[in-house]
Amino acid sequence: MWIYFLIIAGVVLLDQLTKQIVLHTLEVGESVALIPNVFHFTHIKNDGAAFGMLDNARWVFIVASLIAVAAITFYLVKFRPKNPWMYVPLAMIAGGGIGNRIDRLFYGETFGNGLVVDFLDFCAFPDLWHWIFNVADAFVVVGAGIVFVYLIGEIIKEGKEEKRKKAQPQTEA
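These figures come from a predicted structure and were not determined experimentally.

Caption draft 1: Focus on the overall build of the protein. Scanning the protein from N- to C-terminus turns up four helices and four strands. Every one of the 173 residues in the protein was classed for burial, and the buried ones make up 36%. In the form shown here, the protein has an accessible surface area of approximately 10,800 Å², with 71% of it arising from carbon and sulfur atoms.

So this is what it looks like as structure tokens:
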């Protein structure tokens, strides 16, 4: 269980550290090419969800992230997943949610204005990818992807187990 809280703390720390670097080195709208026309640091204010989706729903995200982090923590404490490796991606999701929630509460001109600092700008494929995101978003997406793949694997495994049980001859005792 302790690994869960360490991962969350690490994600939040890395996320907030990178955002502070951006806040202190780049003006909003300023962009620095790390790999020209491929990867830039571009400082933007985002009031939407991950990757700038659903603009202007800031209080929804503040509440939703609180509920999601509480639900994940409750699930891990109460039900303790069979697979201990599930703590890692769930902690990644929770840590990313907390990192962006901190921004939504404290970043900007007024308390709780709902803005998030985004800066990771993959601009190599502008027709396919036009979102700018942050470390917290990356952890949420990767964590959710791992959970998704794990759950698909579990569904497939259960389906195979059911087929195996049905294929075995029934014996009476």
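What follows continues from the structure just given.
Caption draft 2: Here's a closer look at the packing of helix H3 (residues 87-106) against helix H4 (residues 135-167). One way to put it is that H3 packs onto H4 with a least axis distance of 7 Å and a crossing angle of 155°. On the basis of the axis angle, H3 is roughly antiparallel to H4. With respect to the hand of their crossing, H3 and H4 are arranged in left-handed fashion. Contact residues: Pro89, Leu90, Met92, Ile93, Gly96, Gly97 and Asn100 in H3; Ala136, Asp137, Phe139, Val140, Val142, Gly143, Ala144, Ile146 and Val147 in H4. Per-class residue counts for the contact of H3 with H4 are eleven nonpolar, four polar and one charged.

Caption draft 3: Representation of the sheet that holds strand E1 (residues 31-35). In spatial order, the strands read E1-E2-E3-E4; together these four strands make up an open sheet with antiparallel pairing. Looking at which strands have only one partner, the edges of the open sheet turn out to be E1 and strand E4 (132-133). Relative to strand E2 (residues 39-46), E1 runs antiparallel, the two sharing four bridges. Following the sheet pairing, alanine 33 is matched in E2 by histidine 40.

Caption draft 4: Highlighting the pattern of salt bridges. Tallying each qualifying case throughout the model produces four salt bridges. Across the salt bridge formed by lysine 19 and aspartate 15, the nearest N and O atoms sit 2.8 Å from each other. Remark: aspartate 15 and lysine 19 occur in helix H1 (residues 2-25); sequence separation between them is four residues, near one turn of the helix. Owing to a relative accessible area of 1%, lysine 19 belongs among the buried residues under this scheme. Members of the salt-bridge network, linked through shared partners, are Asp15, Lys19 and Asp103.

Caption draft 5: Representation of the packing of aromatic side chains within the structure. In the structure shown here, the tally under the stated rule is five aromatic pairs. Between tyrosine 4 and phenylalanine 5, the ring centres sit 5.0 Å apart and the planes meet at 75°, which makes this aromatic pair edge-to-face. Residue class for tyrosine 4 comes out buried when judged on its relative accessible area of 0%. Take phenylalanine 5: its relative accessible area is 42%, and that puts it in the partly exposed class. For the pair phenylalanine 122 and phenylalanine 133, a centre-to-centre distance of 5.9 Å together with 15° between the ring planes defines the contact as stacked. Of this pair, phenylalanine 122 sits in strand E3 (residues 116-122) while phenylalanine 133 sits in strand E4, and the two are eleven residues apart along the sequence. Clustering of aromatic rings is evident, with ring pairs tying together Phe39, Phe41, Phe119, Phe122 and Phe133.

Caption draft 6: Quick look at the nonpolar core. Tyr4, Ile8, Ile72, Leu76 and Leu90 are the most contacted members of the largest nonpolar core, which totals 16 residues. Elements that contribute at least two residues to this core include exactly H1, helix H2 (58-79) and H3. No other element matches H3, which puts six residues into this core. Grouped together as the second largest cluster of nonpolar side chains are ten residues, Val22, Val117, Phe119 and Leu120 included.

About the criteria used
- Residues numbered from 1 in each chain as written.
- Predicted model: local features only at pLDDT ≥ 70, side-chain atom pairs only at ≥ 80, totals over all residues.
- Heavy atoms only, no water.
- Helix = DSSP H or I, 4+ residues; strand = E, 2+ residues; numbered from the N terminus.
- Buried < 20%, exposed > 50% of the residue type's maximum accessible area, 1.4 Å probe, protein only.
- Areas by Shrake-Rupley, 256 points an atom, 1.4 Å probe, with all protein chains shown as cover.
- Axes fitted to C-alpha atoms, helices over the stretch in contact; angles between N-to-C directions.
- Parallel < 35°, antiparallel > 145°, perpendicular 65-115°, else oblique.
- Left-handed = near helix turned anticlockwise from the far one by under 90°.
- Contact = heavy atoms within 4.5 Å.
- Nonpolar A, V, L, I, M, F, W, Y, C, P; charged D, E, K, R; others polar.
- Pairing = 2+ DSSP bridges.
- Salt bridge = Lys/Arg side-chain N within 4 Å of Asp/Glu carboxyl O.
- Phe/Tyr/Trp six-rings, centres within 6.5 Å; stacked < 30°, edge-to-face > 60°.
- Core = buried A, V, L, I, M, F, W, Y, C linked by side-chain atoms within 4.5 Å.

Everything listed here is a matter of geometry and, on its own, says nothing about what the molecule does.
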